[in-house]
Amino acid sequence: MAPKTKKKILLVCDFDHTIVDDNCDTLIRTLLPNETVPERIHRHYRMHRSWTDFMGEIFQYMHSLKIPPKQFVECMHGIKFTDGMKELMDFQSKDDCIDMIILSDANTVFIDSSLEGARLRNGVKDILSNPAKFNDEGCLEIQHYHSHSCESCPANMCKRRILREYREKQRQEGLEYETICYVGDGRNDFCPSKSLSESDFVFPRVGYKLVDKIKECQKKGKKFSAKVVPWISGHEVLETIKTLV
């Protein structure tokens, strides 16, 4: 008898308030004097409403204060992981039928630093987030992930489009994912969640906006195909993942 073929699963996780129980962009501001952003930067944000550009201005301000890259990295090393998420990441990293990617509106430096501090980076196949790097002068620079036409998402990132393009790229390389497990918390996780199929799972964090958006969608009788498994800790996500492998 031929051995049973395992299904290939793509585990897609948001980062802030999902993998970690904090927000990288607010945590980094603890390095500022009195943890305060100048009013001129807030004023510019109110005019243009781009969070990514807002953070870019904060990083420039931090550079003017001579806050070195080492302090950014150390700050991210200290971020708190959500209960059960380290166990989930450890489990999936040891199972060949699961690939994990992070799809986040944070930035690549913060995510890489956080994962490396917890020794979890090697278990993540890809990080899809706003590109960031320290320039030659030590200032952290951030870019929009892409531009898009989706009216539901912030200007710098449509997670639905990113996930679709990622799956298409993997398919071209001969890798087909039979099941998508999407774990998130916020409004910008709704757009990709709504695009998933009956064979997929969405894990919205209890007490956050994504679970409310899904309930609202279902209450109005609108199509939402994926199976919904609300969670409080990563242990609940892990228990469902174990039933799929």
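Look a little higher up for the structure.
Here's what I pulled together on the structure shown here.

Basis of the calculations
- Residues numbered from 1 in each chain as written.
- Predicted model: local features only at pLDDT ≥ 70, side-chain atom pairs only at ≥ 80, totals over all residues.
- Heavy atoms only, no water.
- Helix = DSSP H or I, 4+ residues; strand = E, 2+ residues; numbered from the N terminus.
- Buried < 20%, exposed > 50% of the residue type's maximum accessible area, 1.4 Å probe, protein only.
- Lys, Arg positive; Asp, Glu negative; His and termini not counted.
- Salt bridge = Lys/Arg side-chain N within 4 Å of Asp/Glu carboxyl O.
- Contact = heavy atoms within 4.5 Å.
- 1 Å grid on protein atoms, 1.4 Å probe; cavity = no way out; pocket = protein on both sides within 12 Å on 5 of 7 lines; lining within 4 Å.
- Points joined across faces, edges and corners; volume = space filled by probe spheres on them.
- Nonpolar A, V, L, I, M, F, W, Y, C, P; charged D, E, K, R; others polar.
- Polar contact = N/O pair within 3.5 Å; in protein donor to acceptor, adjacent residues only side chain to side chain.
- Phe/Tyr/Trp six-rings, centres within 6.5 Å; stacked < 30°, edge-to-face > 60°.
- Lys NZ or Arg CZ within 6 Å of the ring centre and 35° of its normal.
- Disulfide = S-S within 2.5 Å.

1. A short note on the side chain of Asp25
Considering the arrangement of structural elements, one finds Asp25 in helix H1 (residues 24-27). The buried charged residue Asp25 lacks any salt bridge, with Arg29 as its nearest oppositely charged partner at 6.3 Å. Setting aside anything within four residues of it in sequence, one finds Asp25 in contact with Trp51, Met55, Asn107 and Phe110.

2. Description of the layout of surface pockets
In this structure, the largest pocket occupies an estimated 730 Å³ of space. Around the largest pocket, the lining comprises 30 residues; the ones closest to its centre are Asp105, Pro154, Gly186, Arg187 and Asn188. If you list the elements that add at least two residues to the lining of the largest pocket, you get helix H3 (51-64), strand E2 (98-107), helix H8 (190-194) and helix H9 (209-219). Partitioning the lining of the largest pocket into residue classes produces nine nonpolar, 10 polar and 11 charged.

3. A word on the side chain of Asp99
The residue Asp99 is located in strand E2 in this model. For Asp99, a relative accessible area of 13% translates into the label buried. Here the side chain of Asp99 touches Lys125 through a polar contact of 3.5 Å, side chain to side chain. Every residue in contact with Asp99, bar those within four places of it in the chain, is listed here: Lys8, Ile9, Leu10, Leu11, Gln92, Lys125, Leu175 and Tyr177.

4. Looking at the pattern of salt bridges
This model, assessed by the stated rule, comprises 14 salt bridges. The residue Asp112 makes a salt bridge to Arg121 at a minimum N-O spacing of 2.7 Å. For Asp112, a relative accessible area of 23% translates into the label partly exposed. Measuring nitrogen to oxygen at the nearest pair gives 3.0 Å for the salt bridge that ties Arg171 to Glu176. Relative accessible area serves as the criterion here: at 39%, Arg171 is assigned to the partly exposed category. Several salt bridges converge on common partners, so that one network encompasses Lys8, Asp99 and Lys125.

5. Focus on the packing of aromatic side chains
For the structure on display, the rule yields eight aromatic pairs. Residues Tyr45 and Trp51 carry aromatic rings whose centres are separated by 5.7 Å and whose planes lie at 85° to one another, so their mutual orientation is edge-to-face. For the pair Phe190 and Phe224, a centre-to-centre distance of 6.2 Å together with 20° between the ring planes defines the contact as stacked. Taken together, the residues span a long stretch of sequence, with Phe190 in helix H8 and Phe224 in the loop between H9 and strand E8 (227-228) at a distance of 34 residues. Residues Phe190 and Phe224 agree in their burial class; the two are buried. One aromatic cluster is present, built from ring pairs that chain together Phe59, Phe72, Phe110 and Phe134. Geometry around Phe201 places Lys227 over its ring, the cationic atom sitting 5.0 Å from the centre. Across the ring face of Phe91, the terminal group of Lys242 is positioned such that the distance to the ring centre comes to 5.7 Å.

6. Focus: unusual backbone geometry
Comment: phi is negative for the bulk of residues other than glycine, and the bulk of peptide bonds are trans. Look at His17: it is not a glycine, yet its phi comes out positive at around 60°. Following the sequence through the fold, His17 ends up in the loop between strand E1 (9-13) and H1. For His17, a relative accessible area of 24% translates into the label partly exposed. Positive phi values are uncommon outside glycine, yet Lys66 reaches one of about 65°. Tracing the chain through its elements places Lys66 in the loop between H3 and helix H4 (69-77). Exposure remark for Lys66: the relative accessible area of 72% places this residue in the exposed category.

7. Topic: the state of the cysteines
For the coordinates displayed, the defined rule picks out zero disulfides. Cysteine Cys97 is unpaired, with the sulfur of Cys181 as its nearest cysteine sulfur at 10 Å. You can see Cys158 has no disulfide; the closest cysteine sulfur is in Cys153, sitting 3.9 Å from it.

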